[in-house]
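Next come the chains, spelled out residue by residue.
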Amino acid sequence: KDMRKMLFVYNPRSGKGLIRNNLFDIINTFTQGGYEVTAYPTQALMDGYKKIQTSAQDYDMVVVSGGDGTLNEAVKALMSLPVKIPLGYIPSGSTNDFASSMSIPKKMIDAAQDIMDGVFFEYDVGKFNEDYFVYVAAFGMFTDVSYETPQERKNIFGHAAYIAEGLKRLRTYKGIELTVEHDGIEETGNFLIGIVSNSTSIGGMKFLISDSVYFDDGLFEVTLVRTPTNAIMLQQTLNDAIINRLDTKNFLTFKTSKVTFKSAEPLPWTLDGESGGSHKLAVIENCCRAIKLVIKADDKTDQQMQIDNMAKQEMESPAWRDVIFEDQRGIEQ
């Protein structure tokens, strides 16, 4: 029987260069799982994108290892192809929000084994104007911290480096005046932060995200933080954010499949922790179930929820009760 073919693209510099100590075990795991592996170490920014875009259709599966930036390149490349090629992910970056959301193990060898034992899961991808993102598009204070924090500092200090970089700015930040449109609703206001996400973790932190996140329901969770006008409101906003109380007047939150942001000045955005450029108009759309991930089976998905609900409705329907009654009568006779 012919072995299936896998393209394994990894960033050798991601995180603390963790991949070096794990490369043999990872490739061995894939080979034992029945794959002939082509390993490709990325050489520069967007190199992974180019490799996947030009070669992925010659393979049965693509697996990438690196930080969220490496994953972002892989998803962009796969979105440009006419067929859905399965994608596995082994995290090795400094934050790994996506891995945290999808319960992918931190230990690289365990993540590799989960891909071999995994199931297909169709995951929503974000479209940002003509670009794509995997789990978050954000603007405002803190949101550009992850790519403006030097890599060496991220390697040494981890999350503390992000937070320290963000806190430096709090006193000087003025907020952004913009108009938000979604589902026939339009609102103009001044905002400190805006987050459009499909994730349970952003910047390694769990707050500023609403509950009940499904990764395949065609909806984003949107959180906008209003700019505090005085010290008391600033303190209230911080207190609410820390306990994730997002239903107060200091926040605007909603779920939607499409949202538009308009601002008078070009607004800098970050997509998956990398620079997304500055835009006066940002149109963000949910591409529902656009990517075929390979992950360990999990029940926290919209697809699974629909299956469970259908099964429950069938069990409660009169027709189903008749079937059970008929079966019981047959047994009694």
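None of the values given here were measured: they were computed from a predicted structure.

### Observations regarding the overall build of the protein chain
(1) Moving on: Across its full length, the protein chain holds 11 helices and 13 strands.
(2) Moving on: Residues classed as buried in the protein chain amount to 48% of the 333 residues present.
(3) Moving on: Carbon and sulfur atoms make up 54% of the accessible area of the protein chain, which amounts to about 16900 Å² in all.

### Structural notes on the nonpolar core
(1) Moving on: Residues Phe30, Ile52, Leu87, Ile90, Phe98 and Tyr123 are the most contacted members of the largest nonpolar core, which totals 62 residues.
(2) Moving on: Membership of the second largest hydrophobic core comes to 21 residues, among which are Phe261, Leu267, Trp269 and Ala282.

### Observations regarding the confidence of the model for the protein chain
(1) Moving on: Chain-level statistics for the protein chain give a pLDDT mean of 83 and a share of 76% at 70 or above.
(2) Moving on: Ignoring residues within four places in sequence, the model shows residues 323-333, a span with pLDDT below 50, making zero contacts including any to other chains.

### Description of the packing of helix α2 (residues 47-55) against helix α3 (residues 68-79)
(1) Moving on: One can describe the packing of α2 onto α3 by two numbers: an axis separation of 8 Å at closest approach and a directional angle of 30°. One element, α2, and the other, α3, form an angle in the roughly parallel class. The way α2 lies across α3 gives a crossing that is right-handed. Together, Asp47, Gly48, Tyr49, Ile52 and Gln53 of α2 and Glu73, Ala74, Lys76, Ala77 and Leu78 of α3 make up the contact between the two elements.
(2) Moving on: Broken down by class, the residue content of the contact of α2 with α3 amounts to five nonpolar, two polar and three charged.

### Topic: the side chain of aspartate 124
(1) Moving on: Looking at the secondary structure, you find aspartate 124 in strand β5 (residues 119-128).
(2) Moving on: Lacking a salt bridge, the buried aspartate 124 has arginine 289 as its closest oppositely charged neighbour, with an N-O distance of 5.3 Å.
(3) Moving on: Within the structure, aspartate 124 has its side chain in polar contact with the backbone nitrogen of aspartate 217 (distance 3.1 Å).
(4) Moving on: At a separation of 2.6 Å, a polar atom in the side chain of aspartate 124 contacts the main-chain amide nitrogen of glycine 218.
(5) Moving on: Here aspartate 124 is in contact with Val134, Asn198, Phe215, Asp216, Asp217, Gly218, Leu219, Asn286, Cys287, Cys288, Arg289 and Ala290, once residues within four sequence places are set aside.

### Quick look at the packing of helix α1 (residues 19-32) against helix α5 (residues 108-117)
(1) Moving on: Two elements in contact, α1 and α5, have axes whose closest approach is 9 Å; the angle formed by their N-to-C orientations is 20°. Taken together, α1 and α5 sit at an angle that is classed as roughly parallel. Considering only the axes of α1 and α5, their crossing is right-handed. Here α1 contributes Ile19, Asn22, Asp25, Ile26, Thr29 and Phe30 to the contact with α5, which in turn contributes Met108, Ile109, Ala112, Gln113, Ile115 and Met116.

Parameters and conventions
Residues numbered from 1 in each chain as written. Predicted model: local features only at pLDDT ≥ 70, side-chain atom pairs only at ≥ 80, totals over all residues. Heavy atoms only, no water. Helix = DSSP H or I, 4+ residues; strand = E, 2+ residues; numbered from the N terminus. Buried < 20%, exposed > 50% of the residue type's maximum accessible area, 1.4 Å probe, protein only. Areas by Shrake-Rupley, 256 points an atom, 1.4 Å probe, with all protein chains shown as cover. Core = buried A, V, L, I, M, F, W, Y, C linked by side-chain atoms within 4.5 Å. pLDDT = per-residue confidence, 0-100. Contact = heavy atoms within 4.5 Å. Axes fitted to C-alpha atoms, helices over the stretch in contact; angles between N-to-C directions. Parallel < 35°, antiparallel > 145°, perpendicular 65-115°, else oblique. Left-handed = near helix turned anticlockwise from the far one by under 90°. Nonpolar A, V, L, I, M, F, W, Y, C, P; charged D, E, K, R; others polar. Lys, Arg positive; Asp, Glu negative; His and termini not counted. Salt bridge = Lys/Arg side-chain N within 4 Å of Asp/Glu carboxyl O. Polar contact = N/O pair within 3.5 Å; in protein donor to acceptor, adjacent residues only side chain to side chain.

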